[in-house]
Amino acid sequence: MAENEAVQAGVEPGDRVVIGITFGNSNSSIAYTVDDKAEVIANEDGDRQIPTVLSYVDGDEYYGTQAKAFTVRNPNNTVAYFRDFLGQEFKSIDPTHCHATAHPQDASDSVAFTVKDKAEEDASSIPVSEVSTRYLRRLIQSASDYLGKKVTSAVVTVPTNFGEKQREALIKAANEAGLEILQLISDPVAAILAYDARPEAEIKDKIIVVADLGGTRSDVAVVASRGGMYTILATAHDYEFAGIHLDQVLMDHFAKEFIKKHEVDPRSNPKSLAKLRLEAEATKKALSLGTNAQFSVESLADGYDFSSTINRIRYEMVGRKVFEGFNRLVEGVIKKAELDVLDVDEVIMCGGTSHTPRIANNFRGIFPETTQILAPATSTAAINPSELQARGAALQASLIQEYEAADIEQSTHPAVTTVKHISNAIGVVATGADDEETFTAIMPAETAVPARRTVQIQAPSDGGDVLIKVVEGGTHIKVTKPEPKAKEEKGEEDEDDSDFSDEEDEEKREKIWKIGNELAEAAIRGVKKGAKVEVTVNVQADLSVTITTREVGSKSGVRGTLSAP
C-alpha cells in the first residue's frame, strides 16, 4: 500500500468525525480542528502528550500516564515502545528499550508480547498489531469523550522510514479499532503544515530542516517548499541520540551521588532502576522550563530515600556528548541533501526533546542569523514542539474529510502526487551594451513542475541591444579567511583556543551563485533607454522548457522551446 494511500472503512463523508493522530513510539497526541484552527485534545488524565504504554492489573487495562507508572510495580504486564515493531519481522527489531517492561517475543517471525491481560487467567501472547489496536482504541475513546461524539476517521502521521509493511500494519490496526484512516502523512510534512496553516504564515519558496527529536529516536528531514508543494530532499534516522539518552545521563549522575552516600548502586535493581528512570525524565522536563530542578525518590534502593538538586548548567555539562550528537545529526542530513547551512531558511523543532533549550541554542550557533529556529527557547512564534505533528494531521484531516474514500485514495496515489522536479536552479544572465553581465535567479532548485516564473531585468541606462542567456545555476559557499596576525601579536591563548577568537578574526562564509550549463540565449534589439526586459521560463510536466523574452511594454518578443532531456 503506497504512502498517503487512503483506506475505505464504510464511513459516509457527511457522517465523518475526524481527528489528527501522532502515534509515537514514546508518546502520542490527538488533535481536532475547529474554525480552521487545530487544537490538541487532553485525555481523561489531562495529558496532551499521552505515553504510548498499556498496562494490565487484575484484568483492568490502563493506558498513558497511568500505565507508565506501572513500569515500577507491574513491569512484566506493561507494554511500551511498541510502535516501531509494527509490520516488522522479529529478527529485524531492536528490543533495547523494552528491557524494563514486557519483552517482545518471536511469534511466527512477527512480534508479540506475553502479558496477563485478564484476571484469573494465564498469561497470553498478544501480537503487536493487537497491542496497537488496543492503544488506538483508547486514543479514539478519549477523543470521542472530549468531543462528545464518536470519532470515525483520522489522518495519522508516520516517520519517513516507515516501510510498506509497517504502513499496512498500522492501517489494519486502526481499522480493527474502528477507525478509518483517511491518509498517512509523513511526520516532517505534518510539522510544516502546522506552521504554514497559521493565518499570519507567508507561503514562500524555502528550504526547511525539520528536527523531530523524540524519546527513543531522532528523525531529521530537509524539505524544499516550492509553490506550496513539499519535497523531502534527505532524511536521517538516529537511535543513539534521543530523549532517553538525556534521561540516562541524569540517571548516571544521580546514581553516582547515591553510591557516594549509601554505597549501593540503584541501577543494579530493576525496581530501583525504574524509579530512577521516571524521576530522571521528570527532572529533565523541569530543567527545560527552569534553571534548577529537584530530584527526589522515596525508598530508591535498600530502603534509602534520596533527594538532590541539579541546575541547568550542570545538566548541560554532563549531557554535552548527547547535545553534540544532535548537532552532528542535523549537519549530516544537510550535507546529505548536498546543501549548506546557509541554504536553510527555517529549522522546525518538534518532538518532546525539542523543549530542551540547549539543543535549540546549539542550533542557533550552527545556522546564520537569517535562519529562523522555531523552538520555544529561540522564537516567540514557536508552536509547542510536542503538538506540531498532531496539529498538522488534524488540519489535513479537516481539508479532506468531505471527500469520498476512493477520491482521497486517487488524489493521493503516487501516480498523482509524485511529480517531477528540476534538479538545478534556472537563472538569467543579461549582457548589455557595456558588456557587464548580471545573474538573476528565476526558479530555485527542487521546484515542482509544471511551473512558470517571470522576472524583469533592468536594461542598460542608455538602451541598445541586450543579450539574454538562460542558464542552470547552483549555489556555492565562498569562504573568506582572515588575514593572519603578525607573530608578535599572537599570544599563546590565541593559538590554543581559536574557538574564542574575536568575531573579526573568524572566517566569513557567504552563498554565491555559480553559473552552470547554458540552456538558451536570445537577443532583444533596440531596447529603449531605462526600459526593462521581461523573461518568462515555463517548465512543462515532461521537463520541456519554453522561454519567452521581450521588452516590457512591447508586443513582440522572442520565444523558443527546449525539448525534454
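Residues numbered from 1 in each chain as written. Predicted model: local features only at pLDDT ≥ 70, side-chain atom pairs only at ≥ 80, totals over all residues. Heavy atoms only, no water.

The chain carries the name Hsp70 protein-domain-containing protein in an unreviewed UniProt entry, which gives Stachybotrys elegans as its organism.

Asker: Requested: an account of the nonpolar core, with residues and values cited.
Answerer: Nonpolar side chains in soluble globular proteins tend to end up buried together. Counting 49 residues, the largest nonpolar core has F326, I334, M349, F363 and F367 as its most contacted members. Counting 43 residues, the second largest nonpolar core, distinct from the first, contains F23, A102, V111 and I181. (Core = buried A, V, L, I, M, F, W, Y, C linked by side-chain atoms within 4.5 Å. Buried < 20%, exposed > 50% of the residue type's maximum accessible area, 1.4 Å probe, protein only.)

Asker: Report on the pairing of strand β25 (residues 532–539), specifying residues and quantitative values.
Answerer: Burial analysis of β25 places 6 of its 8 residues in the buried class, the great majority of the element. With 8 bridges connecting them, strand β22 (residues 451–458) and β25 associate as antiparallel partners. Looking across to β25, one finds that I457 is bridged to V533. Two successive antiparallel strands, β25 and strand β26 (residues 545–551), enclose a turn made up of 5 residues, where L543 displays a positive phi of approximately 75°. (Helix = DSSP H or I, 4+ residues; strand = E, 2+ residues; numbered from the N terminus. Pairing = 2+ DSSP bridges.)

Asker: Please set out the sheet that holds strand β9 (residues 110–115) residue by residue, giving values where relevant.
Answerer: Read from one edge of the open sheet, 3 strands run β8-β9-β10, paired in antiparallel fashion. The open sheet has two edge strands with one neighbour each: β8 (104–107) and β10 (124–127). For this sheet the average axis-to-axis angle between neighbouring strands, irrespective of direction, equals 45°. Pairing of β9 with β10, which is carried by 4 bridges, proceeds in the antiparallel orientation. Along β10, the bridge assignment pairs V115 with S124. Each of β9 and β10 is contacted by helix α2 (residues 128–147), which is oriented at about 75° to β10, the strand it contacts most. (Axes fitted to C-alpha atoms, helices over the stretch in contact; angles between N-to-C directions. Contact = heavy atoms within 4.5 Å.)

Asker: Tell me what's going on with unusual backbone geometry, and back it up with residues and numbers.
Answerer: Positive phi, close to 55°, is recorded for Y81, a residue that is not glycine. Take Y81: it is sitting in the loop between β7 (78–80) and β8. The phi angle at S299 is positive, at roughly 50°, despite the residue not being glycine. Mapping S299 onto the fold places it in strand β16 (residues 292–301). By relative accessible area, S299 is classed as partly exposed at 30%.

Asker: Quick one: what's the story with the sheet that holds β26, residue by residue and with numbers?
Answerer: Judged by pairing direction, the sheet is antiparallel, and its 4 strands sit side by side in the order β22-β25-β26-β27 without closing on themselves. The sheet is open, and its two borders are formed by β22 and β27 (558–562), each paired with just one other strand. For this sheet, the mean angle separating the axes of adjacent strands, direction not counted, is 15°. Pairing geometry for β26 and β27, over 5 bridges, is antiparallel. Among the inter-strand pairings, T548 is bridged to a residue of β27, identified as R559.

Asker: Lay out helix α8 (residues 320–336) with the relevant residues and their values.
Answerer: With 17 residues, α8 should reach 24 Å at 1.5 Å per residue; the first-to-last C-alpha distance of 24 Å fits that figure. What α8 keeps buried is the set V322, F323, G325, F326, N327, L329, V330, V333 and I334. Where α8 is buried, its residues meet β13 (206–213), β14 (218–226), β15 (229–238), α5 (243–262), α7 (312–318) and α9 (357–366). Following α8 by one or two positions, E338 adopts a phi angle in the positive range, close to 60°. (Expected span 1.5 Å × (residues − 1).)

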